[in-house]
Amino acid sequence: MCSGKSTLSSSGIILPGSFDVGSLAKEISSEPVALVMTVASIIEPFLSSKYRDHTFQIDQVKPELIPGSQIDIAVEGNASMPNGETLHWLPAELIALLDIPASYVALQSLIGASAGSLDHGWEVGWSLASHNEGQQSYFDTTQKEAPRSTVKSELGSIESSLNAKLATQIAILKLSSRSFKDLPDLSTSPHNKRGDLLLAMGAPFGILSPAHFCNSISVGYVSNCYPPSSSKESLLMADIRCLPGMEGSPVFGEESQIVGMLTRPLRQRVSGAEVQLVIPWEAIIEACAAFVSPNTSTLKDSLKHDYGSRSVHPNPVEQAMSSICLITINDGVWASGVLLNNHGLILTNAHLLEPWRFKKTAANENILFTPSSETEALTSQSKINHQRIRVRVDYLHRWIWCDAFVVYVSKGPLDIAVLQLESVPDKLKPIVMDFTCPSPGLKVYVSGHGLFGPRCDFLPSTCVGVVAKVVKAQRSSGQGDVPAMIETTAAVHPGGSGGAVLNSGGHMIGLVTSNARHGGGTVIPYLNFSIPCAALEPVFNFSKDMKNLSILEELDRTNEHMSSVWALMPPRSHGDHIKETKGSRFTKFIADNQLLKKTSPAALGSSKLLLPSKL
């Protein structure tokens, strides 16, 4: 805001000349023009009051802006040199506002599914400031729903519905310029799959300095699609950097086909975690079909699929996600799991079943997870000691819920547990494990049910990164080293605990266990820890015939080196009782702060400890 004038910015795309608005043509000059598509959220604050809260149809007068409002569009190049880098401004006129009904229904469905959760509910918008007055919530990667007051819920529901509607509206603008008449036509992407490459081009914080930010590029991947079992996607989730001002950015696929348009992200109320949203181009085409008049080339025709006979090859990562399960405990906690065989054996984390072993404490308290030697060995006969466990198995483009019981919980340093389905569906798709040690820099896909719970009806989401580090530990036998921990740069969120780390071939190389957080409670999703498959080989061997439970006893053996890795400290070596190592001093510092925090929270001040946090 400057001198009483408010200025907002977003991104947009100049449409090819084949775009036709049919019966609205009378609103467009007979002179050559270019049309621009962007999000309606930038227009809405400047609409005349009589238009603000209405749905616009083609037979209505075009929406008007309040007096004094002006729309300007910055483009690179100029009329005579389109390939130049000169940034110049062109005046624009609002032609129409358009709802995307399919995307609105999908977004509202997601927000409504979390309406009963105070901590994990969703709304639309950015998390640029603290949403809960500075209070940090404890972020556990097993999620649990919490009740909220009826009045607050109803008010929040109304606001969320309005924000969802605004986030799924587009605006069509007119540029009086001859510069863009030779723009190439757009080809649309085939069916988008999780793990597919995305590229967005927009202007983050563009109003601050357009010359610096205009047409910035951001690269990411398709994280999930909604609805999950439909050939027509209404909403895409993107694992991509999206900053304020990038809403309206066109999103392209790996071969330059247009995938959709970025809109405002979904934000978890308390944590501030954001999920970037893309309105699929197909949904935009369907909505724009109402604008074309008979006997004219339609937008759908002009932007038709042109990938011809090119076959869409199966994505091995997408196929491997059929092995990822959603696990729930009947008090509302959920996490992820991995299907090991056709007999319904599931691998997950022990902390889902026995959180007390890992010193789970109240919000804002530092957490150290260390295995307990007092944990009872579990078999199928001990299932009565646990709450009801249900597993959702995803296969054949649908899912089936099954009851499950505990077969094994590790007493050793690794946070693993094994479950068994009570009734086993047919045609299951077990995971394929890769026991080789991954190399740093290897591209990986982390798949699990992070952030979205069972009521959201989501298939597993995927986030992409690389192996940042492989930490090794000495074998319990003392003969050689074994991979003990994998650190990745892929985003891992609460609920993703027990998910799989996959390589590009769709093979599992690790089991997601925890991510990191600062001592104040802030989660660091891009720093996370997984158990390498090489350390899980006994579980795989047991899954072959499931007859010899003693195979798993190897995992229960005390291994000081492995325990030290997962405690983020170096192992003891000869002479450690005489001279304290840096690692042991760091561990003692954490332990002292843990004690201080329990007795006097103010004593810690602004200490920033980096600690593993169970998902």
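Here is what the cut-offs are and how they apply
All residue numbers refer to position in the chain's written sequence, counted from 1. In keeping with the model being predicted, local features are shown solely for residues with a pLDDT of at least 70 and side-chain atom pairs are shown and tallied solely at 80 or more, while totals for entire chains, interfaces and linings include all residues. Side-chain numbers here rest on the full set of heavy atoms in the structure, without hydrogens or water. When accessible area is computed with a 1.4 Å probe and restricted to protein chains, residues below 20% of their type maximum are described as buried, those above 50% as exposed, and intermediate ones as partly exposed. Going along the chain from the N terminus, every DSSP run of H or I of four or more residues is numbered as a helix, and every run of E of two or more is numbered as a strand. What the arc describes is the spread of directions from the helix axis to the C-beta atoms. The contact rule is simple, with two residues in contact once any of their heavy atoms fall within 4.5 Å. A pair is scored as a salt bridge if a Lys or Arg side-chain nitrogen falls within 4 Å of a carboxyl oxygen belonging to Asp or Glu. Here, any two strands with at least 2 DSSP bridges between them count as paired. Axes, fitted as lines to C-alpha atoms, cover a helix only where it is in contact. Angles between the N-to-C directions of the axes lie from 0 to 180 degrees.

By the naming in an unreviewed UniProt entry, the protein chain is Glyoxysomal processing protease, glyoxysomal, taken from Deinandra increscens subsp. villosa.

Observations regarding helix α8 (residues 537-545)
Along α8, the residues that are buried comprise Pro538, Val539, Phe542 and Ser543. Along the long axis of α8, the arc covered by the buried residues comes to 140°, so they all point the same way. Summarising the contacts, the buried residues of α8 are in contact with β15 (345-348), β17 (398-409) and β18 (417-421). Met546 lies just past α8 and shows a positive phi near 60°.

Some details on the pattern of salt bridges
By the definition in use, this model includes eight salt bridges. Note that Arg267 and Glu123 form a salt bridge whose closest N and O atoms lie 2.6 Å from each other. With a gap of 144 residues between them, Arg267 in strand β11 (residues 258-268) and Glu123 in strand β5 (residues 122-124) connect regions that are remote in the sequence. Each member of the pair, Arg267 as well as Glu123, carries the same accessibility label: buried. Linking Arg194 and Glu318 is a salt bridge whose minimum nitrogen-to-oxygen distance equals 3.2 Å. Highlighted residues: Arg194 in the loop between β6 (169-175) and β7 (197-202) and Glu318 in helix α7 (residues 316-320), separated in sequence by 124 residues. Using a relative accessible area of 22% as the deciding quantity, one classes Glu318 as partly exposed.

Comments concerning the sheet that holds β17
Strand order in the closed barrel made by the six strands is β13-β14-β15-β18-β17-β16, with antiparallel pairing throughout. Geometrically, the sheet is characterised by an average inter-axis angle of 40° between neighbouring strands, direction not taken into account. In this structure, strand β16 (residues 389-395) lies alongside β17, joined through seven bridges in antiparallel fashion. By the bridge assignment, Val393 is partnered in β17 with Ile400.

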